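Per-entry structural report
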Amino acid sequence: MARIPRVASFFLFLAKLSIGQREVTVQKGPLFRAEGYPVSIGCNVTGHQGPAEQHFQWSVYLPAAPAREIQIISTKEADFSYAMYAPRVQSRDIYVERVRGNSVLLHISKLQAKDSGDYECHTPNTDGTYYGSYSAKTALIVIPDTLSAVMSSQTLSKEEGEPLELTCEAAKATAQHTHLSVAWYLMQDGASPATTIISLSKDFMLIPGPSYAERFALGDVRLDKLGAATFRLSIGSLRPSDQGRLFCEATEWIQDPDETWTFIAKKQTDQTALRIQPAVRDFQVNITAESTFTEGKPLELVCLVAGGGRDPQLQGTWFFNGIEVARIDAGGVLGLKKDYEERASQGQLQVSKLSPRAFSLKIFAAGPEDEGAYRCAVAEMARARMGSWQELRRKQSPDSPVHLRGPAARSVVVSAQNRQQAVWEGETLTLLCKVDGAESLLSVNWWHVPQGQTQPEFVAGMEQDGIMQLGASYGKPTNHGRPRLEKMDWATFRLEITSTMVTDSGAYECRVSEKTRNQARGLSWTQKMSVTVKSLQSSLQVSLMSRQPQVKLTNTFDLSCVVGAGDSGLQVPLTVTWQFQPAGSPGFHQLLRVTHNGTVEWGDFPSQFQTKTKVSQSSLRSQLLIHDATEEEAGVYRCQVEAYDRNSLHVNGPARASAVSHPLRIVISLPESELKVNSSSQVQELSINANTAVDCRILSQTPGNLPVAVTWYFSSISSNTSWLKILEMDQTNVVKYGDEFHTPQRKQKFHAEKVSQDVFQLHVLNVGDSDQGRYRCVVQEWLLSANGTGYKLGEETSGVTVLKLRPTGSQVRVSKVHRTENATEHGEVAMHCRLESAGGPASLFSVTWYWAGEHSGSRMLVHLQHDSLLEYGEDPLRRRLHCYRSSPTDFVLKLRQVQRADAGRYWCRVVEWQLHGSPSKWVSHASDESPHTVLTVLPSEPTFSSRICSSASFIYFLLVCPVAVLALLACVACMCWKARRSSSARLSSQREQALWVDLAGAGDGPLARKEEEEDSRP
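Throughout what follows, the structure given in this document is the object of discussion.

The rules behind these values
Residues numbered from 1 in each chain as written. Predicted model: local features only at pLDDT ≥ 70, side-chain atom pairs only at ≥ 80, totals over all residues. Heavy atoms only, no water. Helix = DSSP H or I, 4+ residues; strand = E, 2+ residues; numbered from the N terminus. 1 Å grid on protein atoms, 1.4 Å probe; cavity = no way out; pocket = protein on both sides within 12 Å on 5 of 7 lines; lining within 4 Å. Points joined across faces, edges and corners; volume = space filled by probe spheres on them. Nonpolar A, V, L, I, M, F, W, Y, C, P; charged D, E, K, R; others polar. Core = buried A, V, L, I, M, F, W, Y, C linked by side-chain atoms within 4.5 Å. Buried < 20%, exposed > 50% of the residue type's maximum accessible area, 1.4 Å probe, protein only. Contact = heavy atoms within 4.5 Å. Pairing = 2+ DSSP bridges. Phe/Tyr/Trp six-rings, centres within 6.5 Å; stacked < 30°, edge-to-face > 60°. Disulfide = S-S within 2.5 Å. Axes fitted to C-alpha atoms, helices over the stretch in contact; angles between N-to-C directions. Salt bridge = Lys/Arg side-chain N within 4 Å of Asp/Glu carboxyl O.

Description of unusual backbone geometry
A negative phi angle is the norm for most residues apart from glycine, just as the trans form is the norm for most peptide bonds. In this model, Gly-29 is joined to Pro-30 through a cis peptide bond whose omega is 0°. Within the element layout of this structure, Pro-30 appears in the loop between strand 1 (23-26) and strand 2 (31-34). Positioned with a positive phi, Asn-689 is a non-glycine residue whose angle comes to about 70°. By secondary structure assignment, the location of Asn-689 is in the loop between strand 54 (682-686) and strand 55 (692-700).

Section: empty space enclosed by the protein
Scanning the entire structure with this criterion turns up three cavities of 30 Å³ or more. When its volume is computed, the largest cavity comes out at roughly 60 Å³. Surrounding the largest cavity, 14 residues form its lining, Arg-819, His-832, Ser-930, Pro-931 and Thr-933 being those nearest its centre. Counted by class, the lining of the largest cavity contains eight nonpolar, four polar and two charged residues.

Remarks on the nonpolar core
Counting 37 residues, the largest nonpolar core has Leu-544, Phe-557, Leu-559, Cys-561, Trp-578, Tyr-637 and Ile-668 as the members making the most contacts within it. Ignoring sequence-local partners within four residues, the contact set of Phe-557 consists of Gln-548, Val-551, Leu-624, Leu-625, Ile-626, Ala-629, Glu-633, Tyr-637, Ile-666 and Ile-668. Of all hydrophobic cores here, the second largest spans 33 residues; its members include Cys-168, Cys-248, Ile-254 and Ala-265.

A closer look at the pairing of strand 39 (residues 492-498)
Counting buried positions along strand 39 yields seven of seven residues, so the element is predominantly enclosed. Along strand 39, one buried face is formed by Thr-492, Arg-494, Glu-496 and Thr-498 and the opposite face, lined by Phe-493, Leu-495 and Ile-497, is buried too. Pairing of strand 38 (residues 482-489) with strand 39 involves seven bridges; the strand directions are antiparallel. Bridge assignment links Arg-482 to a residue of strand 39, and that residue is Thr-498. Count of turn residues in the strand 38/strand 39 antiparallel hairpin: two residues.

Looking at the packing of aromatic side chains
Considering all chains together, one arrives at 11 aromatic pairs under this definition. Aromatic side chains Phe-580 and Tyr-637 sit 4.6 Å apart centroid to centroid with 35° between the ring planes, which places their arrangement in the tilted category. Here Phe-580, found in strand 45 (residues 574-582), pairs with Tyr-637, found in strand 50 (residues 635-643); they are 57 residues apart in sequence, far enough to count as distant. Tyr-637 carries the same exposure label as Phe-580, and that label is buried. Between the aromatic rings of Phe-714 and Tyr-775, the centroid separation amounts to 5.0 Å while the plane-to-plane angle is 50°, which identifies the pairing as tilted. Of this pair, Phe-714 sits in strand 56 (residues 708-716) while Tyr-775 sits in strand 61 (residues 773-784), and the two are 61 residues apart along the sequence. Each member of the pair Phe-714 and Tyr-775 is classed as buried.

Some details on the state of the cysteines
One pass over the structure, following the stated rule, counts seven disulfides. Shown here is the disulfide that connects Cys-433 with Cys-510, its sulfur atoms set 2.0 Å apart. Here the S-S torsion is close to -85°, and the disulfide linking Cys-433 with Cys-510 is therefore left-handed. Of the two residues, Cys-433 sits in strand 34 (residues 429-435) while Cys-510 sits in strand 40 (residues 506-514), which places them 77 residues apart along the sequence. Through a disulfide, Cys-833 is tied to Cys-908; the S-S separation comes to 1.8 Å. Judged by the sign of its S-S torsion, about 60°, the cystine formed by Cys-833 and Cys-908 is right-handed. Placement of the pair is Cys-833 in strand 65 (residues 829-834) and Cys-908 in strand 71 (residues 904-916), with a sequence separation of 75 residues. According to the relative accessible area criterion, Cys-908 is buried, its value standing at 0%. Among the cysteines around Cys-883, which has no disulfide bond, Cys-833 carries the closest sulfur, lying 9.2 Å off.

Points about the sheet that holds strand 39
Reading across the sheet, the four strands line up as 32-34-39-38 and stay open at both edges, with antiparallel pairing between neighbours. Bordering the open sheet on either side are strand 32 (412-416) and strand 38, each of which pairs with just one other strand. Adjacent strand axes in the sheet meet at a mean angle of 20° when their direction is disregarded. As judged from the five bridges shared by strand 32 and strand 34, these two strands associate in the antiparallel manner. Note that in strand 34 the partner of Ser-415 across the bridge is Leu-432.

Section: the pattern of salt bridges
Per the counting criterion, the structure on display carries 28 salt bridges. Here Arg-494 ties to Glu-486 by a salt bridge, and the two come within 2.5 Å at their closest N and O atoms. Residues Lys-749 and Asp-771 are paired through a salt bridge, measuring 2.9 Å at the closest nitrogen-oxygen approach. Taken as a pair, Lys-749 in helix 7 (residues 744-749) and Asp-771 in the loop between strand 60 (759-764) and strand 61 lie far apart in primary sequence, 22 residues in all. Across the pair, exposure class does not vary: Lys-749 and Asp-771 are buried alike.

Take a look at the structure:
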């Protein structure tokens, strides 16, 4: 079968060739085929003349004699075959199949190893002249059959529903590139051919057999490849149809040069006999139906099957008074008796299968003829081999008698919907009035007796023809809710009063009337029911609660606003307003408002709530969920609830009632830190110029993967300086160096690394003498809020790590003589730092001077480096300092313009430097410190000018005296100016008088004499 597509494609290709001249073509080679299996080689001739049916001759050129032609078979000559091929041609092991007049196929049924060679197809000339090609060759290579398929033969007994697993070992060792396909088959007794269960194609696709496709889709049938050559068949739940002999078949495929796939070998395994014991299924059958029915009303009987196996195939049969009337077989085919078939065709009767275990017989309009005993019989069926159904077991139900219901007295039942005899103000009151008995046309009237009254009020009524009337006081709802009367079915009437008020409380009476043709006077029945409408305002209660009023920073907290009203739940629309009073604020602000329809309206304070708040609301509860709590959310919360009437919502009516909860304070606090750092101390002894790392290990942290900041500190062993900050790696992993370590050389020597979440390291490169000392880290744990604010939770200090250098032979010794220096204020002083030896020729020295006051810590003054560069500290003394080396063993610090504040302790630290490493670099080898030199500043001797300047009273005299003298001189000058001006005025007056006397001629009178006397007075 597999060679048909290959041959078809081959001849389709040949048909496309032109026919200008004779051309013989054969299938393109080389063709690899397995020994013992058939092969087919096509040959086609085109462009020929003469008869349409051409003759073909096949020959082979064996590898042992490639130039020698050996004739195999011919369509023209019967004795064409050589002796070595003649027996195989006569036995039809080798034969030629004519496909068309100009096309044939050479078939070799069973290849032998000696069949390898070049096969030639030759067509005798039927043309007038020789023009074109008359033969063509292709190579056939016979390879060994290496395919194997193994499965041990066995006999298995299984029960229905059990799983099954079988494995097949299929392998090949062909040198050429081939594919393998594996298929599982089931051979049932008396059935041929075998049924395909599932197969894995040469293209690696799983293909189920037609009868197993549904089970494959459900995962009940699987084929898995385990390893390189093991194929497993799995059936999750066996069925009786799986019984038979199972085997595995492996097929090897190769792709020919024309890109078509051809099988070259096929093997089948031994068979496994599978016996399946059907599961025992015992079941019971019962009928559910009303014992009585009303004439003209539906009558339904249901036959139910309980128990039995899984997914049974059932057939149901209905009996009426012992006579079969209907049947539904396991395949769903319905069979009815003649009279029932007519009723079913008219739509009066229906027989159906409601479920795999339920059968129904329904009569839509039952009559007296349907009164009697009903019984159903159920049989479990199984599909036989030939497709017919075979009955396995049968069970019958007991008889179920059904009687026609006679006339009876009616009764009326009044009830509230959902059994609620008490409703809240504004809710809807729904009352049901139900009548039993035979179906008939009825009329109904509803009456209301208010609480504390005896006179009933007419509410609403409905006549038999459906005309409805409303009471006078209910037509215009002022003191009552709005009534609505509805007929649910012939026997049920519903009264609905919307937007109830407290005045609607009382007793409600339902009066049902029936009037028939035979009755001159109608019959009526009455029933009452008491209803209470509760006031909202007097019962509405609101409480605010929280599971955690004490909230940790960045945690989530929730607030629940719970609405309660006595012992019954509300069913009216509610609007909840959340209010917030921040710490320090005088009043409450609106956070948000959740309306009755779920709309959220945000307030304008504060704005951060909108991005971190989630609100959910049910009928009687509103919950506020605030994420990532910060200090801004600390304060007092409360909620306000407004209850509305459902109908007033359409006209934006006011709230029926409102209530405010008690205030609830929420406190935001930092969580307790669980930070712990390794506090053990250690000592590292290193070689000069070595690299090292100091560990800072975190033992435990507060849950939440919080960021940490790590700060490294250093304290020298040989000096009494305090701890100096080397660098800090903050919580964002940004590194900042301390003031004393901010130089490029220090940054190159010290750098930090975060090895893991819990381990930090300080790397010290090219360790020198100045790096000896104590190291420690301080770890800070930080909590970050969503708005980026950081809060420090805790701080822990690690143990001390001491770095020491191994002795190198170099040793610096500074003179240990204690000195006391006295200096006069405004003078100068020189302090010496002497070495006991000048050191080797390969050594350089650096010196650092320190000062410490009586009530202050020590600080560095100046550093004379080994390359003679000066580095000053951040100190006001720097302009008055002079540091130099006066001799190979003497370092001098000179202080000019000595002041009282310069008194204190001075000392030096000398470091020896040598070239080390390749390339060479200066490395500190040893160091030493001098004892403290105590400087005392004496007051300077007073001079005349200093004495004058030191007298405050004299200074005041010098400042005040010139001012007083100048003021006195100004007063004298002013008095003189005024006297001169007065004298000039008198002289002018006398001259005017004299002139007037001369003009009057009376200059000798008494007045003149008097004036003259006054003028003559000194």
